[in-house]
Amino acid sequence: MTIKNRVEELARFGGIPAFDTKLHVGRPNIGQRNSFLERINDLLERKWLSNNGLYVQELEQRIAELTGVKHCIAMCNGTIALEIAIRACELTGEVIIPSFTFIATAHALQWQGIRPVFCDIDPRTHTLNPLGVEAMITPNTTGIIGVHLWGYPCDVETLAEISQKHNLKLIFDAAHAFGCSYKGRMIGNFGDAEVFSFHATKFINTFEGGAIVTNDDDLASKIRLMKNFGFMGYDQVKYIGTNGKMSEVSAAMGLTNLESLDEIVAVNYRNYKQYQSQLVDLPCVQLFTYNEAEKCNYQYIVLEIDEAKTQINREQLLEILWAENILARRYFYPGCHRMEPYVSYFPHSGLLLPETENLVKRVLILPTGTSVNSEEINKICSIIRLVIEQSFEVRKLLEKTNEQQPKNLLNEKII
Ligand code: T4K
């Protein structure tokens, strides 16, 4: 492996890219291919492709066992699962959520005519700041949706206290947090309901998919009907419902992934420790730290760049990494409050979100997972090190080349 030692060797300045092919964030975990193919053959034989098939039932049971939650209802994706959880909990009016999250958290509310009220985050945990939440409660508030971002749990206890005190529903968007725990208890057991995503890019995937988990029997029965058009039996409809059903193919992938869960976590953890050891002494960058005393899926490698201390900013580092074919991502820039329709509805909401506004400029997600090996992580870290250690030189060269030929790689969506 050739490690670049000089700034001029960087691909952005004419050197050969560190990688021949693009290194993506979010490459899917597959698990044992044969195991998956056997399940596919089986479901084709049985000719049962959807509508609460055997694999969906098995997956729900496995998830309930793994999380220790009474009920798991599998869904076609995490966004629909959020929408159904919100509707089943009868949220209306205003619901408090972080702005620093994937846009689906906000859209799942707005889609149903409920106003997402954006609250600031704790800059250390990247999750809702409970003090801020309490300050944002109005007579129209009916609920709080905390997001366990990167799989790092929210301050669930304080949020539960606040929701009880103000008689609010509490839902957790646990899209990132399958397999994680809070104070030794698995994520899934908190609030009125929690929502997982099993999208292709997630720790455990079902191609597209998600699930609602809850310990509330009545809520679970309601959700089960709502995800199937509200049907109770063949010709009786109890609620307004939608089609939130997971297919058998998806469940087959989920079950296959679950068989490899421990190995996937082990790879993610190994990658995390490698990034940590190789970047720990680097000034001006900071790796988001997980609590190793808890269960964690280590699915996201989150780097923060301190623009005030280094000569280059996050955008410049990204530009350099992309030129090397390292497609790092700036999740969740620029924050939901700066996206439509929210930015038009509430153009000044950023004033109440100083930590979010600061963080969206600093965060960068690096490739990890079962598709990335140790040698590749070495290379990625060596490039980051070169850029940070020689940031003055890099910035000068970037400014010079941008004057000659402006580039904006980040606006091209690469598939
Ligand atoms: N709440 C939160 C906090 C979430 O993060 C999400 C989803 C949701 C709710 C909603 O859950 P779902 O309805 O999605 O189940 C991706 C995912 O599409 C999205 O599921 C995820 N969060 C979000 C964090 O990341 P993008 O816009 O980054 O997707 P995309 O197409 O750019 O893919 C990311 C990278 O993954 C690419 O560089 C390539 C790679 N990739 C992707 C797919 C789909 C593959 O290598 N193979 C693949 O099949 O949103």
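Our structure is the block above this text.
Keep in mind it's a predicted model, so treat the numbers as computed, not measured. (Residues numbered from 1 in each chain as written. Predicted model: local features only at pLDDT ≥ 70, side-chain atom pairs only at ≥ 80, totals over all residues. Heavy atoms only, no water.)

**Brief notes about a nonpolar patch on the surface**
Among the surface-exposed residues, Phe229, Phe231 and Val237 lie close enough to one another that they form a single nonpolar patch of about 250 Å² accessible area. Tracing the sequence through the fold places Phe231 in the loop between α7 (217–226) and α8 (248–259). We classify Phe231 as partly exposed; its relative accessible area is 31%. (Patch = residues over 30% accessible without salt bridge, like charges linked within 9 Å, V, L, I, M, F, W, Y side chains within 5 Å. Areas by Shrake-Rupley, 256 points an atom, 1.4 Å probe, with all protein chains shown as cover. Salt bridge = Lys/Arg side-chain N within 4 Å of Asp/Glu carboxyl O. Helix = DSSP H or I, 4+ residues; strand = E, 2+ residues; numbered from the N terminus. Buried < 20%, exposed > 50% of the residue type's maximum accessible area, 1.4 Å probe, protein only.)

**Digging into the state of the cysteines**
Inspection of every chain in the model, using the stated rule, returns 0 disulfides. Looking at the unpaired Cys336, the closest cysteine sulfur is the one in Cys119, lying at 13 Å. Among the cysteines around Cys381, which has no disulfide bond, Cys284 carries the closest sulfur, lying 16 Å off. (Disulfide = S-S within 2.5 Å.)

**Section: the nonpolar core**
Counting residues in hydrophobic clusters, the biggest one holds 104 residues, and the most contacted among them are Trp150, Tyr290 and Leu366. Top element by residues in this core is helix α13 (residues 374–389). It accounts for 8 residues. The next biggest cluster of nonpolar side chains, apart from the first, holds 31 residues, and it includes Leu82, Ala88, Cys89 and Ile97. (Core = buried A, V, L, I, M, F, W, Y, C linked by side-chain atoms within 4.5 Å.)

**Re the sheet that holds strand β11 (residues 285–287)**
In space, the 3 strands of this open sheet follow the order β11-β12-β14, with antiparallel pairing throughout. Across the chains shown, the open sheet's two edge strands, defined by having one partner strand only, are β11 and β14 (363–366). Going from strand to strand, the sheet's axes swing by 30 degrees on average, the running direction of each strand aside. Where β11 lies against strand β12 (residues 301–305), 3 bridges are found, and the strand directions are antiparallel. Paired with Gln286 across the bridge in β12 is Glu304. (Pairing = 2+ DSSP bridges. Axes fitted to C-alpha atoms, helices over the stretch in contact; angles between N-to-C directions.)

**Overview of the sheet that holds strand β5 (residues 141–147)**
Taken in spatial order, the 7 strands of this open sheet run β2-β10-β9-β6-β5-β3-β4, and their pairing is mixed. Edge strands, defined here as strands with exactly one partner in the open sheet, are β2 (71–75) and β4 (115–119). With strand direction ignored, the average angle separating the axes of adjacent strands in the sheet is 25 degrees. Relative to strand β10 (residues 210–214), β2 runs antiparallel, the two being bridged by 5 bridges.

**As for the site of the ligand**
Surveying the vicinity of the ligand reveals 26 residues, the closest of which are Arg27, Thr79, Asp173, His176 and Tyr331. Between Arg27 and the ligand, the recorded distance is 2.7 Å, taken from a side-chain N or O atom to an oxygen atom. Between the ligand and Tyr331, the relevant distance is 2.5 Å, taken from an oxygen atom to a side-chain nitrogen or oxygen of the residue. Contact with the protein chains covers 81% of the free accessible surface of the ligand, which is 920 Å². Secondary structure elements with two or more residues in the shell around the ligand: α3 (78–88) and α4 (103–110). The residue inventory of the shell around the ligand, partitioned by class, reads 9 nonpolar, 12 polar and 5 charged. (Near = heavy atom within 4 Å. Polar contact = N/O pair within 3.5 Å; in protein donor to acceptor, adjacent residues only side chain to side chain. Nonpolar A, V, L, I, M, F, W, Y, C, P; charged D, E, K, R; others polar.)

**Focus: unusual backbone geometry**
Pro334 follows Tyr333 through a cis peptide bond whose omega is 0 degrees. Along the chain, Glu340 connects to Pro341 via a cis peptide bond; the corresponding omega equals 0 degrees. Relative to the elements of secondary structure, Pro341 occurs in the loop between β13 (326–327) and α11 (342–345). Here the phi dihedral of Phe207 falls at roughly 65 degrees; this positive angle occurs in a residue that is not glycine.

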